[in-house]
Amino acid sequence: MPARPSNGGSDARKPDLILVGGGLANSLIAWRLAALRPELDFFVIERGSTLGGNHTWSFHDSDIPAAALLDLRPFIFASWPRQGVRFPGHARSFDVPYHAISSERLHEVLSRTLGSRLLLNQDVTALTPAQVTLADQSVIAANCVIDGRGPETDTPLALGFQKFVGLEIETETPHGETVAMIMDATVAQLDGYRFVYTLPFSATRILIEDTYYSDTPELDAATLSERVRAYASAKGWRIQRVVREERGVLPVVLAGDMDAFWQRGDPGVPRAGLRASLFHPTTGYSLPDALAFADSLAALPDLSSVAVRAHVERHARALWTDRAFFRLLNRMLFIAATPAERVHILERFYRLPSALIDRFFAARLTAADKALIMMYMAAKPPLPFFKAVGALGETPAWAFARRAANRNVRPVS
Ligand SMILES: Cc1cc2nc3c(=O)[nH]c(=O)nc-3n(C[C@H](O)[C@H](O)[C@H](O)COP(=O)(O)OP(=O)(O)OC[C@H]3O[C@@H](n4cnc5c(N)ncnc54)[C@H](O)[C@@H]3O)c2cc1C
């Protein structure tokens, strides 16, 4: 039974807000509301036994404002002063700090803040802008219901995928890594663009993720897990034990129909996080967007479902328009380039100025940045001019068809 009894859908003890899903986006909203709007009566309903599932959420220092970074401190469990990339013909390190939040830490800190405002192990089976229904058929009415249940499986977006399996391991002896290695692409190129991502948490604890920019969402977890072990072995790191495993298939957006996107789903229900398309179009990462949205929501004077739905839709559509350039780049990567060419494009990208790369990840590119990226991406071989121009158009049907055609290109192995 929920800690908070159902109000049978009536106005009796009706809370201001119910956040459905205790993932990253709704957790950050709850955290911001608890701090900035103490007058509000709200609660979070999560079907899992903890907030946040099983994730390590990382971000670049430059992705979020300095003040927000200070506020996020309680959730950050690891930071690195530098980050690096490695390609077959080029390696580079950046003096830009990198940070990681674990779902474990998020749960530990936020569940203490929320107390009885957090309902765990509760599956929401139906929702409207005015109420939610739980699996036991109890109904709870509220002035506003926000759907933060994570990504929908079937959306009117043409997608590529960033997919990975990560093993957090304890090594028998110190592994010697100190830098957050964002991309080690010196590995064999398979299934599109492949790289290994490593985060050293201590002298003998390291997360190793085998990652692909792939045309397909299928994840062969056993094979990727083996490749992680092979990578560790090649580095001379003997695995004492695997502490945890995480898997992800993140969206890389090539094109989409935002009108159709917002017409789908539960009518009139405000959304948050991936469900509201609030993520970086190229990396699929959502932490900076989730934080910015939580702040914007906490500042809204009217928190009725109607007002919040209008706000999130306006917010997401504005980002969609603003980020058209990222989708163009993604089409160049996934459609104009063959899967085997992706590694060269990424290698060229990482020769660009460090400050531009920061703005890329923060999704704050200037017009001059965009011009420079295009010169690097399109004007230099091996991306064929006509295929690059062909990637300019943006309709989901076209992008789906082109990407399907590209799958016939055999990856190098
Ligand atoms: C393994 C992994 C690693 C990632 N790493 C990063 C990273 O390093 N940096 C970054 O910025 N992004 C990262 N991402 C991408 C993205 O930020 C995450 O997917 C993020 O968790 C999305 O937030 P969200 O709140 O939209 O959805 P989620 O965090 O997925 O939250 C959805 C929540 O809703 C709950 N739920 C679903 N249905 C119901 C229901 N019917 N009733 C009640 N609860 C329900 C789920 O249990 C879940 O807790 C990662 C994603 C994955 C999968």
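See the structure shown above.
Worth saying up front: this structure is predicted, and the values here are computed from it rather than measured.

(A) Spatial organisation of the packing of helix α1 (residues 24–36) against helix α3 (residues 103–114). Orientation of α1 relative to α3, taken along the N-to-C sense of each, is 40°, at an axis distance of 10 Å. Judged on the interaxial angle alone, α3 and α1 are oblique. Crossing hand, α1 versus α3: left-handed. For the pair formed by α1 and α3, the contact residues are S27, A30, W31 and A34 on the first element and L106, L110, T113 and L114 on the second.

(B) Structural detail: the site of the ligand. Near the ligand, the surroundings consist of 29 residues, among which A25, E46, S58, L274 and S286 are the closest. A distance of 3.2 Å is found between an oxygen atom of the ligand and a backbone nitrogen or oxygen belonging to T56. Contact between the ligand and Y285: an oxygen atom at 3.5 Å from a side-chain N or O atom of the residue. Isolated, the ligand exposes 970 Å² of accessible area, and the fraction of that covered by the protein chains is 90%. Among the secondary structure elements, those contributing two or more residues to the shell around the ligand are α1, β3 (56–60) and β17 (239–256). Looking at which element gives the most residues to the shell around the ligand, the answer is β17, with four residues. Taken together, the residues that form the shell around the ligand break down as ten nonpolar, 13 polar and six charged. Summarising the domain contributions, the shell around the ligand has at least three residues from each of domain 1 (17–80 + 98–155 + 255–322) and domain 2 (157–253).

(C) Layout of the pattern of salt bridges. The tally for this structure, following the rule as stated, stands at 25 salt bridges. In this structure, R244 and E168 form a salt bridge, with 2.8 Å as the shortest nitrogen-oxygen distance. Of this pair, R244 sits in strand β17 while E168 sits in strand β13 (residues 157–171), and the two are 76 residues apart along the sequence. The exposure class assigned to R244 is buried, which follows from its relative accessible area of 19%. Owing to a relative accessible area of 7%, E168 belongs among the buried residues under this scheme. Residue E172 pairs with R238 through a salt bridge whose shortest N-O separation is 3.1 Å. In this pair, E172 is assigned in the loop between β13 and β14 (180–184) and R238 in the loop between α4 (221–234) and β17, connecting sequence segments 66 residues apart. Owing to a relative accessible area of 57%, R238 belongs among the exposed residues under this scheme.

(D) Spatial organisation of the sheet that holds strand β11 (residues 139–141). Strand order in the open sheet made by the three strands is β9-β10-β11, with antiparallel pairing throughout. The sheet is open, and its two edges are formed by β9 (124–127) and β11, each paired on a single side. For this sheet the average axis-to-axis angle between neighbouring strands, irrespective of direction, equals 20°.

(E) Region of the structure containing the nonpolar core. Of all hydrophobic cores here, the largest spans 54 residues; its most connected members are L17, L28, F42, L72 and F75. Counting residues per element, this core draws most heavily on α1, which supplies eight residues. Two domains each provide a minimum of three residues to this core, namely domain 1 (17–80 + 98–155 + 255–322) and domain 2 (157–253). The contact partners of L17, leaving out residues within four places of it in the chain, are L33, L40, D41, F42, F43, A142, C144, I146 and L303. In this structure, F87, Y98, F325 and L356 belong to the second largest nonpolar core, which totals 46 residues.

(F) Geometry of the sheet that holds β3. Spatially, three strands are ordered β3-β7-β4 in an open sheet, and the strand pairing comes out antiparallel. Lying at the two open borders of the sheet, with one neighbouring strand each, are β3 and β4 (76–80). Between one strand axis and the next, the sheet turns through 20° on average, direction left out of account. In the sheet, β3 pairs with strand β7 (residues 98–102) via five bridges, with the strands oriented antiparallel. Bridge pairing in β7 links T56 to S102. Contacting β3, β4 and β7, α3 crosses the sheet at an angle of about 65° to β7.

(G) Region of the structure containing the pairing of β7. The element β7 is largely enclosed, with a buried count of five among its five residues. Side chains of β7 alternate between two faces, with Y98, A100 and S102 and H99 and I101 buried alike.

(H) Summary view of helix α7 (residues 305–322). The end-to-end C-alpha separation of α7 is 25 Å, in line with the 26 Å expected for 18 residues at 1.5 Å each. All of the buried residues in α7 are S305, V308, R309, H311, V312, E313, H315, A316 and W320. Those residues of α7 that are buried are in contact with β12 (144–147), β13, β17, α5 (258–263), α6 (287–298) and α8 (324–336).

(I) Structural detail: the environment of H280. In this fold, H280 is placed in the loop between α5 and α6. Residue H280 is classed as buried on the basis of its relative accessible area, which comes to 5%. Between the alpha carbons of H280 and L319 there is a distance of 9.6 Å; along the sequence they are 39 residues apart. With near-sequence residues (within four places) excluded, H280 lies in contact with P251, Y285, D289, R323, F326, F360, F361 and A363. At 3.0 Å, the side chain of H280 forms a polar contact with the backbone nitrogen of T282.

Rules used throughout
Residues numbered from 1 in each chain as written. Predicted model: local features only at pLDDT ≥ 70, side-chain atom pairs only at ≥ 80, totals over all residues. Heavy atoms only, no water. Axes fitted to C-alpha atoms, helices over the stretch in contact; angles between N-to-C directions. Helix = DSSP H or I, 4+ residues; strand = E, 2+ residues; numbered from the N terminus. Parallel < 35°, antiparallel > 145°, perpendicular 65-115°, else oblique. Left-handed = near helix turned anticlockwise from the far one by under 90°. Contact = heavy atoms within 4.5 Å. Near = heavy atom within 4 Å. Polar contact = N/O pair within 3.5 Å; in protein donor to acceptor, adjacent residues only side chain to side chain. Areas by Shrake-Rupley, 256 points an atom, 1.4 Å probe, with all protein chains shown as cover. Nonpolar A, V, L, I, M, F, W, Y, C, P; charged D, E, K, R; others polar. Domains from an automatic or database assignment. Salt bridge = Lys/Arg side-chain N within 4 Å of Asp/Glu carboxyl O. Buried < 20%, exposed > 50% of the residue type's maximum accessible area, 1.4 Å probe, protein only. Pairing = 2+ DSSP bridges. Core = buried A, V, L, I, M, F, W, Y, C linked by side-chain atoms within 4.5 Å. Expected span 1.5 Å × (residues − 1).

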